[in-house]
Amino acid sequence: MQLTTEQQDMLALIRDFVDAEVAPYASEFDHRDEFPEEMVRRLKEIGLFGITIPEEYGGLGLDLLTYALVVKELSRGWISLSGVVNTHFMAAWMIEHFGTEEQRRAYLPRMATGELRSAYSMTEPHAGSDVQAIRTQAVRDGDSYLINGQKMWVTNGLRAGMIMLLAVTDPKADPRHRGMTAFIIEKEPGVHQQPGLTVPPQLQKLGYKGVESTELVFEDFRTPATSVLGGEGGVGRGFKYFISAVELGRVNVAARALGLATAAFEAAIKYAQQRETFGQPISDHQAIQLKLAQMGTKIRAAELMVQDAARLKATGARADLEAGMAKLFATEVAQETTLEAMRIHGGYGYSKEYVVERLYRDSPLLILGEGTNEIQQLLIARRLLERHKV
């Protein structure tokens, strides 16, 4: 793949940042489950919160492929850091493509600088992959909507000053998805309790530490009618808007998996050449070489799939099949590669002193996020049957 000079410069900048300021400290932050304030400040300085936001709104105006490659590099250092950017990016993309011009001018410039950071909220305690089962409701009340319900697994749910929220506005709609609307909800960042909204203590997780995952509890939370994404014309179109953004999310998750797998492979191949048994480096043993060959080959295949999906989505074409395939394959490769890296490290791979322990704990998140891989396979199969209908 031939990158432009601009793409090469951006990736070199991110790679240097990750090598110097992220990778050496990521495990410490992970083990303390501590939010990386200084790293996030640096992301703002670099301009990553506005990486795809058009220049006219204060962003860098870069393409989706560049974004995917940047996410890979961030995730090579620490997937939690890429998580800080991801939901924000999806919300900005939705405002750019589906928002009114007033909404673009009101939000995108502040989002581009990172002054305003966004969360993305669709999942509920009883509704994960089955998005049409959500129950959170928004009822029109004069010039406002009153929102009631509970959301789950909201990345950046506490620290974000904005939430892109999916809610039911017409419970009687048939099909049900036509009764759902997307809202741009503003809130106080870092505040657990405010009128109509409670952010409980963050959920405790196996991995993906350092970035909060929270619940959101709405009880007559009042938001102006102008917060409907797309204005009055956006009422009832929220499901479409969110699912379109999920395609981006799946490209993002695939890129994160690619970065995670790359980090595991780099740790494993370095260790294999340094660790000696029976008087020779373990990289001389065929058993280790076979593992490295499988890891390297699958990572390269995942890389090509991520690039293909990002390019297609950037054209505006439907990319659910390609994004789904990339997400499915790359995330399975990440879990397999982190396990193989741990096996190559032997007992040391189980120790917190080595990075593969953290990578191994982080990898299952990617198999579950943006639609489980089981659901992903069903979606892929349906699209394949559509394309090859006889």
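Quick notes on the rules
Residues numbered from 1 in each chain as written. Predicted model: local features only at pLDDT ≥ 70, side-chain atom pairs only at ≥ 80, totals over all residues. Heavy atoms only, no water. Pairing = 2+ DSSP bridges. Helix = DSSP H or I, 4+ residues; strand = E, 2+ residues; numbered from the N terminus. Core = buried A, V, L, I, M, F, W, Y, C linked by side-chain atoms within 4.5 Å. Buried < 20%, exposed > 50% of the residue type's maximum accessible area, 1.4 Å probe, protein only. Contact = heavy atoms within 4.5 Å. Axes fitted to C-alpha atoms, helices over the stretch in contact; angles between N-to-C directions. Left-handed = near helix turned anticlockwise from the far one by under 90°. Nonpolar A, V, L, I, M, F, W, Y, C, P; charged D, E, K, R; others polar. Salt bridge = Lys/Arg side-chain N within 4 Å of Asp/Glu carboxyl O. Expected span 1.5 Å × (residues − 1). Phe/Tyr/Trp six-rings, centres within 6.5 Å; stacked < 30°, edge-to-face > 60°. Parallel < 35°, antiparallel > 145°, perpendicular 65-115°, else oblique. Lys, Arg positive; Asp, Glu negative; His and termini not counted. Patch = residues over 30% accessible without salt bridge, like charges linked within 9 Å, V, L, I, M, F, W, Y side chains within 5 Å. Areas by Shrake-Rupley, 256 points an atom, 1.4 Å probe, with all protein chains shown as cover. Charge placed at Lys NZ, Arg CZ, Asp CG, Glu CD.

1. Notes on the pairing of strand β3 (residues 144–155)
(1) Moving on: By the bridge criterion, five bridges tie strand β2 (residues 137–141) to β3 in an arrangement that is antiparallel. Among the inter-strand pairings, glutamine 137 is bridged to a residue of β3, identified as asparagine 148.
(2) Moving on: When β3 meets strand β8 (residues 213–224), the two strands line up antiparallel, connected through nine bridges. Across the sheet, the residue bridging to glutamine 150 is valine 217, located in β8.

2. Considering the nonpolar core
A general tendency of soluble globular proteins is for nonpolar side chains to be buried together.
(1) Moving on: Membership of the largest hydrophobic core comes to 100 residues, with the highest contact counts inside it found for Met94 and Met111.
(2) Moving on: Residue contributions to this core peak at 20 residues, all from helix α7 (residues 238–274).
(3) Moving on: Aside from chain neighbours lying at most four places away, what touches methionine 94 is Gly99, Tyr120, Met164, Leu229, Tyr241, Phe242 and Ala245.
(4) Moving on: By size, the runner-up hydrophobic cluster in this structure holds 19 residues, among which are Ala119, Leu158, Ile185 and Leu216.

3. Here we look at the packing of helix α4 (residues 64–77) against helix α8 (residues 286–314)
(1) Moving on: Packing of α4 against α8 brings their axes to within 8 Å, and their N-to-C directions diverge by 145 degrees. In the packing of α4 onto α8, the handedness of the crossing is right-handed. Counted together, Leu64, Leu65, Ala68, Leu69 and Lys72 of α4 and Glu303, Val306, Gln307, Ala310, Arg311, Lys313 and Ala314 of α8 form the full contact between these two elements.
(2) Moving on: For the contact of α4 with α8, the per-class residue count stands at seven nonpolar, one polar and four charged.

4. Quick look at the pattern of salt bridges
(1) Moving on: Tallying each qualifying case throughout the model produces 29 salt bridges.
(2) Moving on: Across the pair arginine 76 and glutamate 266 runs a salt bridge, and its minimum N-O distance is 3.8 Å. Taken as a pair, arginine 76 in helix α4 and glutamate 266 in helix α7 lie far apart in primary sequence, 190 residues in all.
(3) Moving on: With relative accessibility at 15%, the residue arginine 76 sits in the buried group.
(4) Moving on: By relative accessible area, glutamate 266 is classed as partly exposed at 38%.

5. Section: helix α9 (residues 320–345)
What sets the pattern is the α-helix's 3.6 residues per turn: residues three or four places apart point alike.
(1) Moving on: For α9, with 26 residues, the first-to-last C-alpha span of 37 Å sits near the 38 Å given by 1.5 Å per residue.
(2) Moving on: The buried fraction of α9 amounts to 19 of the 26 residues, a majority that puts the element mostly inside the structure.
(3) Moving on: Just downstream of α9, glycine 346 is the residue with a positive phi angle, here 65 degrees.

6. Observations concerning the packing of aromatic side chains
(1) Moving on: The final tally for this structure, using the stated rule, is nine aromatic pairs.
(2) Moving on: Taken together, a centroid distance of 6.0 Å and an interplanar angle of 90 degrees make the contact between tyrosine 271 and tyrosine 354 edge-to-face. Of this pair, tyrosine 271 sits in helix α7 while tyrosine 354 sits in the loop between α9 and α10 (355–368), and the two are 83 residues apart along the sequence.
(3) Moving on: Judged by its relative accessible area of 9%, tyrosine 271 is buried.

7. Topic: the packing of α7 against α10
(1) Moving on: The N-to-C vectors of α7 and α10 enclose an angle of 160 degrees; their axes lie 10 Å apart at closest approach. Regarding the angle of α7 to α10, the classification is roughly antiparallel. Note on packing geometry: the crossing formed by α7 with α10 is left-handed. Across from Val253, Arg256, Ala257, Leu260, Ala263, Ala264 and Ala267 in α7, the residues of α10 making contact are Val355, Val356, Leu359, Asp362, Ser363, Leu365 and Leu366.

8. So, unusual backbone geometry
(1) Moving on: Omega for the peptide link from aspartate 174 to proline 175 comes to 0 degrees, which places this bond in the cis form.
(2) Moving on: You can see proline 175 is positioned in the loop between β4 (162–168) and β5 (180–186).
(3) Moving on: The phi torsion at tyrosine 208 lies on the positive side, around 55 degrees, for a residue other than glycine.
(4) Moving on: By the element assignment, tyrosine 208 lies in the loop between β7 (197–198) and β8.
(5) Moving on: You can call tyrosine 208 buried: its relative accessible area is 5%.
(6) Moving on: Non-glycine residue glutamate 370 carries a positive phi angle of around 55 degrees.
(7) Moving on: Mapped onto the secondary structure, glutamate 370 falls in the loop between α10 and α11 (373–387).

9. Some words on the side chain of arginine 358
(1) Moving on: Relative to the assigned elements, arginine 358 resides in helix α10.
(2) Moving on: For the buried residue arginine 358, which engages in no salt bridge, the nearest side chain bearing the opposite charge is aspartate 362, 4.1 Å off.

10. Observations concerning a negative patch on the surface
(1) Moving on: On the surface, a cluster of negative charge is contributed by Glu6, Asp9, Glu55 and Asp63.
(2) Moving on: Mapped onto the secondary structure, aspartate 9 falls in helix α1 (residues 5–22).

11. What about the environment of glycine 58?
(1) Moving on: Within the secondary structure, glycine 58 is located in the loop between α3 (37–46) and α4.
(2) Moving on: Among the residues examined, glycine 58 registers a relative accessible area of 52% and is labelled exposed.
(3) Moving on: The spacing of glycine 58 and alanine 293 is 235 residues in sequence and 44 Å in space, taken between C-alpha atoms.

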